[in-house]
Amino acid sequence: MIKQWMLATWALVGIALPVQARPPNILYIMADDHATNAISAYGSHLTSVFKTPHIDRLAREGIRMDRTYCVNAICTPSRASILTGQYGHVNGVKTLADPLPPEAINVAGLLRAGGYETVLFGKWHLKTEPFGFDYWKVGPGQGKYHNPSFKEIGTPYAGRKGGKVASGYYTDLVTDYALDWLKGRATSKPFALFLHHKAPHGKWEPAKRHRDFLEEVDLPEPDSLWENFDHRSPASRNYGTSISHRLADRRNMIDDVSSTRWPTARIDMQGLTEKEQTRAAYQKYVKDYLRCVKAVDENVGRVLDYLDQAGLAANTLVVYTSDQGMFLGEHDYFDKRWIYEEAFRMPFMARLPGTIPAGITTDALCANIDFAPTLLSYAGLPVPDAMQGRSFRRILETGKKPDTWRTALYYRYWMHLAGHHIPGHFGVRTDRYKLIFFHGLPLGSSGAIDRATPPGWELYDLQKDPREIRNVYPNPEYKALSKQLKRELLRIKAAFGDSDAAYPELQAVTARHWE
Ligand code: CA
């Protein structure tokens with residue numbers, strides 16, 4: 001491994017080290033809202049009809065991580081946690097509206113200072129102008145799928161509008177930009193290329209070449225599409241946005257997508273039973289989603305092919321991940337935000353030939369706050385104490401977790417009832433169990449809706465119930481375990497410095513519900 005002083009000296013004198021002494025290039029590919037259930041390497045109810053051969057290459061030639069999670073399953077906060085290695089209550093980005101302070105720790109800036117050339121293409125989705133990059137070209141806000149606009153370094157970033165309109169499909173365009181940059185880059189430094197796809201974030205607009213993809217296929221349904229919510233606590237039972245609720249909503253995705261895109265895509269719900277409506281909405285939603293994933297997969301293939309052709313594959317750490325997961329009809333949900341597995345869990349695959357063994361997997365509990373420390377570790381750079389995550393480099397290279405690895409992970413969603421009507425909650429996940437506390441209170445944080453909901457607990461035994469369709473919190477057999485996990489939840493919450501000192505009312509609710 002290259003030592004810090006070597007890298008610093010090399011950067012100082014501006015000469016290239018011999019190839020073998022250089023740390024690896026880093027190609028960090030991140031999709032938006034890409035669920036593990038929509039990646040065939042992970043296997044799911046969709047795998048028989050939908051494959052991602054190019055993304056799967058990374059799992060076949062590297063490691064597939066099976067228990068990697070985000071600490072807050074919503075876009076902007078997860079992205080801030082990835083960059084800073086910190087929870088939202090530390091880096092300041094708890095909600096979609098919070099800006100990441102420019103003085104925040106940023107893995108891109110640290111890599112740059114450590115001798116890397118750092119570039120970003122695609123979706124940024126932070127309120128703050130990109131920083132820490134030698135060059136960036138990003139779509140403002142969510143960006144558009146077709147003929148999107150892009151802003152680049154040196155031009156004004158602020159605002160959701162503006163930028164220069166490009167002709168083409170977002171997923172293809174950002175890959176073109178990344179490949180053009182790779183072809184023209186100076187080779188004196190290792191690169192850290194952040195390639196951030198907009199897809200498959202809604203509203204789902206496939207490339208024209210994929211508009212009929214899967215048209216004749218009847219997608220298998222997840223079991224939990226038909227979940228009976230009686231097992232849920234009142235804190236979650238009547239919240240969230242289900243596919244069928246969405247149909248009744250004036251802003252529903254079916255109308256939105258069809259009316260702005262393919263006029264023939266509107267689903268005629270006339271005369272359908274409620275169950276048939278859910279079924280039709282599921283097919284429509286997931287097909288459009290997978291069509292968007294299809295373009296991502298093809299473009300991952302283009303980049304991997306280029307690395308092969310250019311002789312870069314051997315010395316480039318390639319990562320594929322997403323900013324969080326996504327419900328594809330599981331629990332009759334779409335969107336994310338909940339701590340339930342499909343939203344909470346992130347895909348994560350990594351390849352570095354000769355260093356990361358091919359075809360291994362791990363079930364070590366890892367998180368998005370670990371990404372920055374891990375990348376720094378590969379760069380031979382120190383991990384700042386202020387980062388709360390840990391490098392999982394050893395896990396990538398062995399598939400095994402060290403004895404000292406974490407046994408529990410802390411999660412928190414802050415935006416009480418904002419967007420998709422999901423109540424604020426925090427919880428802990430261990431290898432086997434998940435305990436969730438829905439606090440029921442708006443916290444005055446940006447995006448929270450000022451309406452209380454019932455507080456409540458849920459407990460899932462993930463070994464017996466991986467789909468989380470049987471809340472066992474009320475079960476007397478689990479009472480002792482619940483108490484133990486409550487203690488663990490408080491311990492881990494405090495260990496990460498999430499004190500709720502600013503919310504005395506919440507502290508009172510928490511105290512009342514802890515026994
Ligand atoms: Ca996202």
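The residue count restarts for each chain, going from 1 along the sequence in the order it is written. With the structure being a predicted model, the display of local features is reserved for residues of pLDDT at least 70 and the display and counting of side-chain atom pairs for 80 or more, all residues being used for whole-chain, interface and lining totals. In computing side-chain properties, one takes all heavy atoms of the structure into account and sets aside hydrogens as well as water.

Asks: In this structure, what is going on with the pairing of strand β14 (residues 408–413)? I would like to understand it.
Replies: If a strand is regular, its side chains alternate between the two faces of the sheet. Type-normalised accessible area, obtained with a 1.4 Å probe on protein chains alone, sets the label of each residue: buried when under 20%, exposed when over 50%, and partly exposed for intermediate values. The way it works is that DSSP assigns letters per residue, a run of H or I at least four long becomes a helix, a run of E at least two long becomes a strand, and they are numbered from the N terminus. β14 sits mainly inside the fold: six of its six residues count as buried. Residues A408, Y410 and R412 point to one face of β14 and L409, Y411 and Y413 to the other, with burial holding for every one of them.

Asks: Hey, could you run me through the domain arrangement of the protein chain in this one?
Replies: Interfaces are frequently sized by the accessible area removed from exposure as the parts join. All domain edges in this entry derive from an automatic or database-based domain assignment. Domain annotation for the protein chain reports domain 1 (4–206 + 285–397) and domain 2 (409–513). The contact criterion used throughout is that any non-hydrogen atoms of two residues lie within 4.5 Å. Facing the 32 residues of domain 1 at the interface are 32 residues of domain 2. Taken over both partners, the interface formed by domain 1 and domain 2 buries close to 2700 Å², and the fraction arising from carbon and sulfur atoms is 63%. A carboxyl oxygen of Asp or Glu within 4 Å of a side-chain nitrogen of Lys or Arg is what we treat as a salt bridge. Linking domain 1 to domain 2 there are three salt bridges. Between E341 and R429 there is a salt bridge whose closest N-O contact spans 3.1 Å. Polar contact criterion, stated in full: a pair of N or O atoms within 3.5 Å, where within protein one must be able to donate a hydrogen and the other to accept it, and residues adjacent in sequence count only if both atoms are side-chain atoms. Where domain 1 touches domain 2, the interface holds 19 residue pairs in polar contact (both at pLDDT 80 or more). Put simply, buried area is how much 1.4 Å-probe accessible surface two parts lose in total, over both of them, once they are put together.

Asks: Quick question: what am I supposed to make of the nonpolar core here?
Replies: By size, the foremost hydrophobic cluster in this structure holds 100 residues, and its most contacted members are Y28, L111, F194, L317, F392, L396 and L489. Both of domain 1 (4–206 + 285–397) and domain 2 (409–513) provide at least three residues apiece to this core. Ignoring sequence-local partners within four residues, the contact set of L489 consists of Y410, F426, G427, V428, L435, W457 and W514. To define a nonpolar core, start from buried Ala, Val, Leu, Ile, Met, Phe, Trp, Tyr and Cys residues and group those joined through side-chain atoms within 4.5 Å. If you look at the next biggest cluster of nonpolar residues, it comprises 60 residues, including Y177, C292, V303 and V318.

Asks: Looking at this model, I keep getting lost on the coordination of the calcium ion. Mind explaining?
Replies: Ideal geometry at a metal centre gives angles of 109.5 degrees when four donors are arranged tetrahedrally and 90 or 180 degrees when six donors are arranged octahedrally. Atoms are scored as donors when they are N, O or S and lie within 2.8 Å of the metal, with 3.2 Å used for Na, K and Ca; no water is included, so coordination may look incomplete. Taken together, the protein ligands of the calcium ion are D32 (OD), D33 (OD), C75 (SG), D323 (OD), D323 (OD), Q324 (OE1) and Q324 (NE2), with distances of 2.2 to 3.1 Å. Motif for the calcium ion, donor spacing along one chain: D-D-x41-C-x247-D-Q. Linking C75 in helix α3 (residues 75–84) with D323 in the loop between β8 (316–322) and β9 (327–328), this pair joins segments that are 248 residues apart in sequence. Relative accessible area serves as the criterion here: at 2%, C75 is assigned to the buried category. The exposure class assigned to D323 is buried, which follows from its relative accessible area of 0%.

Asks: Quick question: what am I supposed to make of the side chain of K94 here?
Replies: You can see K94 is positioned in the loop between α4 (88–91) and α5 (107–113). Only 3.1 Å separates the side chain of K94 from the side chain of Y503, close enough to count as a polar contact. Setting aside anything within four residues of it in sequence, one finds K94 in contact with N72, P77, G88, H89, W414, M415 and Y503.

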